[in-house]
Amino acid sequence: MVKGNKNKRSLATREKEVVDEAEEFPETSGIDVPTDSENSDIDDGDEDIEEGDFDEVLKEMAADQGLSSADEDLENEDDDQAQDQGELEADDESDIRSSDIEGASSEDDEEEDDEEEEVLGSDISDDEDDNTDELLAKRTSSRLTDGQDTVVESDNEDEDDAAKLANEGFERLTIRDFGKDLGAWKEYRKTLPQIDAGYASDSSTEEPINTIGNVPIEWYEDYPHIGYDVDGKRVMRPATSDELDKFLAHMDDPDVFRTAKDETNMRDVKLSEEEIDIVRRIQGGSIPDASYNPYEDTVEWFTSQTMVTPLASATPAKRGFIPSKWEHKRVMQIVKAIRQGRITRTAQQAAKTEGPQYYDIWDKAEKSGEHIKRLEGSARRPRLPAPRQALPTHEESYHPPDEYLPTEKERQAWLDAGPEDRKRSFLPEDFGSLRMVPGYSQFIQERFQRCLDLYLAPRALKKTTNLDPEELMPKLPDPRDLRPFPSVESLVYQGHTGRVRSISVDPTGLWLLSGSDDGTVRLWELISGRCAGIWDLKEVVHMVAWNPNPDLCLFAAAAGSRVVLVVPADVCGDQRHLVSEEYVRAGFGSQAKDDDDVDDSSVKVSWDMPTSAEQAAGIRVCIAMHMTAKSVAWHRRGDYLGTLASTSSASSVLIHQISKHKSQHPFRRLKGVVQSIKFHPTRPWFLVTTQRYVRIYNLMQQALVKTLLPGVKWISSVDVHPQGDNVIVGSYDKKLSWFDLDLSAKPYKSIRYHTQAIRQVQFSSRFPLFATASDDGSIQIYHGMVYQDLNQNPLIVPLKILRGHEIRNSLGVLDCLFHPIQPWLLSSGADGTIRLWT
């Protein structure tokens, strides 16, 4: 250690000669570096920097970099010298400089310094005028930190010696050791190791960045974190404030209008001026990059100039540079023959060169064919004859008949129209004789246009396919082969004084029910048209429906705010009548028992006994709904009845159990206003139709099965095929949509044949038929065959349009229904009549 200090002192002595020649700190740099002579004479009157403060600043700078200062290194070396040799005393002072070490050196040290100069400083003693940068690099390498493995690679022996000294362990230099030599300080700073970003650095206080990439942030809604940082650690969800705190924060924040929400990191980001400029450019329809120039010069990536140097690197043959002897003899023979007149041009060749260079492409002569053959090659194409001009008509005659002459109004209209809008390019005129016909003023223009047409006409014969439009139509079967279907009006049922809104046929097919705006429900004998019964419900009857169970004789009618259950006595046998009476009234006992056990106040429905007069008419139960009942729908087994009320709340749809007199809400909330309801014919599904969607729910699993998207503005009605795999939807915008539930949620086929809104759609339960009723007063019958083979699409064929109902107040046919047994159709309209089509 003592020897190392001696070497260091000798190097410091040699480096003093170079300090005066090196670059000094400029006076305007603002760096105040005291020299060794100024260390003892620091201005006491300086209020900013006192004696010893500059050393403290340097110590703090070294401590921030994780390095020990030069003073601490000297202290450590002195302590080691005192322990190893026992010759030096402990030095407690914190300010030790190279000048003090040189002043305290002894004669023995000077001798050793001289010896060391012979070894390490031979180049400096021999050549004092060497480059200053080499000396600085040598000095820098000799003063690296103790234990530092990094050394500066040098190109000469002096730098290698300095690296060896650095490995032996020397102190790190400070800015004070360089005096005013700014260049040496810069070179020394380059040799220092890179500072690692620790906890005290600015990068350790940065907020973690979410690195989940293109992943929706909604996936992390149920977790306390919002993603992961670059180290794989969780990025916790920041605390959120309520709307009032956000409002107050925005009022105090002057940059609220230039702040955007970062959805990935869940924090507000202040937009820079560059980002705001990009947003403004995007809003204005400009290019977001302000530095982008759309009109830059074209960059010629591939040169258009032919390369002179060949790409092949093979050495050309020697014979390529020597003229051929045989070619020279052959050329001289040809020249001699030409001079003697033995080689001459033929007349045909002379005509080709000396004659005109143009030809008629439409000419059929052989010479034209030769030109075409020469131009098109050996594959000669068939020539097209020139298109012929149309023959003149009576309008082009100089003395046309009077009916071809234009009137003044037609003449003025022809003059006012543009050249491209005129049907003909001239006006017929009458001249007394052919001598009085003047020259045609448009002759040059039309001839020029004719030449352009010929010039621009196609030269090749194109093969075209002549298709008959009827061949493109799908091959549909003949409607006569698809019989039976209703086509003739057979019977009209008259008696209602208002619109007949709904009709229904009992399962046996013998009796017909109808509900009208006059407040009555009528029972008709279907075959004869005789009215067998009338029930006056005092309110508008929106819908009537027979119970589909053939063992019961029961129907439901929705009138006003209640739904009545009626057991007609004259249309069924005594046994069916007795069973229906007991079935309907059995629920009153079970209802009283259930009311003692469960009190469901959410369902505002009451099952009431009818009055004595209503009981005499056959009304057995009244379901009071406290809101207008619009529609009813029976389950296929006949025990459940679905009702729809005219309200937008979830209580508008109710399901009632007839045997127990119970009512329940199947939905807690509904999306949209419900238009109609229907039970699926084969599965435990329930169809709810809103304005634009048809949602299918599974009542057993209490889950949504599928949502049908008809793509219409307002749905009016819906019906399910008897097999249950196909659905038809009618809409008020005159469109019919056919859905295949196994295929897609979008329509398989859309039909728009009606001119007004579609009011009702209906499938036949026994025949491959379905019908649509519209406000245009017509009923359209379709053949709809559904195959058991899943690879074969349903066959839809329009069959017949039935007309007979009158249109009143823009309303036509309001309801239609197929007979349960026969291929018959019943319809009711706004004219108050019911019609049977067979």
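Let me begin by describing the structure that accompanies this report. (Residues numbered from 1 in each chain as written. Predicted model: local features only at pLDDT ≥ 70, side-chain atom pairs only at ≥ 80, totals over all residues. Heavy atoms only, no water.)

### What to know about the layout of surface pockets
Here the largest pocket is characterised by a volume of approximately 1800 Å³. Forming the boundary of the largest pocket are 50 residues, of which Met543, Lys678, Gln760, Gln762 and Leu817 lie nearest the centre. Residue classes in the lining of the largest pocket are distributed as 26 nonpolar, 15 polar and nine charged. In this structure, the second largest pocket encloses a volume near 1000 Å³. Glu396, Ser425, Phe426, Tyr440 and Glu446 are, among the 27 residues lining the second largest pocket, the residues nearest its centre. Examining the composition of the lining of the second largest pocket, we find that six residues originate from one element, helix H16 (residues 443-455), more than from any other. Partitioned by chemical class, the residues of the lining of the second largest pocket number 12 nonpolar, seven polar and eight charged. (1 Å grid on protein atoms, 1.4 Å probe; cavity = no way out; pocket = protein on both sides within 12 Å on 5 of 7 lines; lining within 4 Å. Points joined across faces, edges and corners; volume = space filled by probe spheres on them. Nonpolar A, V, L, I, M, F, W, Y, C, P; charged D, E, K, R; others polar. Helix = DSSP H or I, 4+ residues; strand = E, 2+ residues; numbered from the N terminus.)

### Points about the sheet that holds strand E13 (residues 606-608)
The sheet built from five strands is open, its strands ordered E10-E11-E12-E14-E13 with antiparallel pairing. Of all the strands in the sheet, the pair left with one neighbour each is strand E10 (541-546) and E13. When strand polarity is set aside, the average angle formed by the axes of neighbouring strands in this sheet is 20°. (Pairing = 2+ DSSP bridges. Axes fitted to C-alpha atoms, helices over the stretch in contact; angles between N-to-C directions.)

### Some remarks on the packing of aromatic side chains
Tallying each qualifying case throughout the model produces 14 aromatic pairs. Between the aromatic rings of Tyr753 and Tyr782, the centroid separation amounts to 6.4 Å while the plane-to-plane angle is 15°, which identifies the pairing as stacked. On the criterion of sequence distance, the pair formed by Tyr753 in the loop between strand E26 (749-751) and strand E27 (758-763) and Tyr782 in strand E29 (residues 778-785) is long-range, its members being 29 residues apart. With a centroid separation of 5.8 Å and an interplanar angle of 55°, the aromatic rings of Phe763 and Phe770 are classed as tilted. Each member of the pair Phe763 and Phe770 is classed as buried. A connected cluster of aromatic rings, assembled from ring pairs, spans Trp738, Tyr753, Phe763, Phe770 and Tyr782. Its end group placed over the ring of Trp414, Arg422 keeps NZ or CZ at 4.0 Å from the ring centre. Seen from the ring of Tyr748, Lys749 lies directly overhead, with NZ or CZ sitting 5.4 Å from the centre. (Phe/Tyr/Trp six-rings, centres within 6.5 Å; stacked < 30°, edge-to-face > 60°. Buried < 20%, exposed > 50% of the residue type's maximum accessible area, 1.4 Å probe, protein only. Lys NZ or Arg CZ within 6 Å of the ring centre and 35° of its normal.)

### Structural notes on a nonpolar patch on the surface
A cluster of nonpolar side chains, Leu244, Phe247, Leu248 and Met251, forms an exposed patch at the surface whose accessible area comes to about 440 Å². When you line up the elements, Leu248 lands in helix H10 (residues 243-252). Note on Leu248: relative accessible area 44%, which makes it partly exposed. (Patch = residues over 30% accessible without salt bridge, like charges linked within 9 Å, V, L, I, M, F, W, Y side chains within 5 Å. Areas by Shrake-Rupley, 256 points an atom, 1.4 Å probe, with all protein chains shown as cover. Salt bridge = Lys/Arg side-chain N within 4 Å of Asp/Glu carboxyl O.)

### Here we look at the sheet that holds strand E7 (residues 511-516)
Pairing within the open sheet is antiparallel, and its four strands lie in the order E6-E7-E8-E9. Whereas interior strands pair on both sides, the edge strands pair on one side only; in this sheet they are strand E6 (500-505) and strand E9 (531-536). Between one strand and the next, the sheet's axes are offset by a mean angle of 20°, whatever the strand orientation.

### Regarding the nonpolar core
Counting residues in hydrophobic clusters, the biggest one holds 21 residues, and the most contacted among them are Val563, Leu565, Val621, Ile623, Met625, Trp634 and Leu641. Listed by contribution, the elements that provide at least two residues to this core are strand E11 (555-559), strand E12 (562-566), strand E14 (619-624), strand E15 (629-634) and strand E16 (640-645). Take this core: its biggest share by element is three residues, from E15. Ignoring anything within four residues of it in the chain, the contact list for Leu565 reads Leu554, Phe555, Ala556, Gly618, Ile619, Arg620, Val621, Trp634, Leu641 and Ile658. Core analysis: the next-biggest nonpolar cluster, separate from the first, contains 19 residues, Leu523, Trp546, Phe555 and Cys622 among them. (Core = buried A, V, L, I, M, F, W, Y, C linked by side-chain atoms within 4.5 Å. Contact = heavy atoms within 4.5 Å.)

### Details of the pattern of salt bridges
In the structure shown here, the tally under the stated rule is 17 salt bridges. For Asp255, the salt bridge identified is with Lys270, shortest N-O distance 2.9 Å. Within this pair, whereas Asp255 is found in the loop between H10 and strand E3 (259-262), its partner Lys270 is found in strand E4 (residues 267-270), the two being separated by 15 residues in sequence. By relative accessible area, which is 52% here, Lys270 ends up exposed. A salt bridge links Glu395 to Arg424; the nearest nitrogen and oxygen atoms lie 3.6 Å apart. Separated by 29 residues along the polypeptide, Glu395 in the loop between helix H14 (366-376) and helix H15 (408-416) and Arg424 in the loop between H15 and H16 bring together distant segments of the chain. Residue classification places Glu395 among the partly exposed residues on the basis of a relative accessible area of 25%. Taking relative accessible area as the criterion, Arg424 reaches 27% and is therefore assigned partly exposed. The network of salt bridges with common partners includes Glu489, Asp831 and Arg835.

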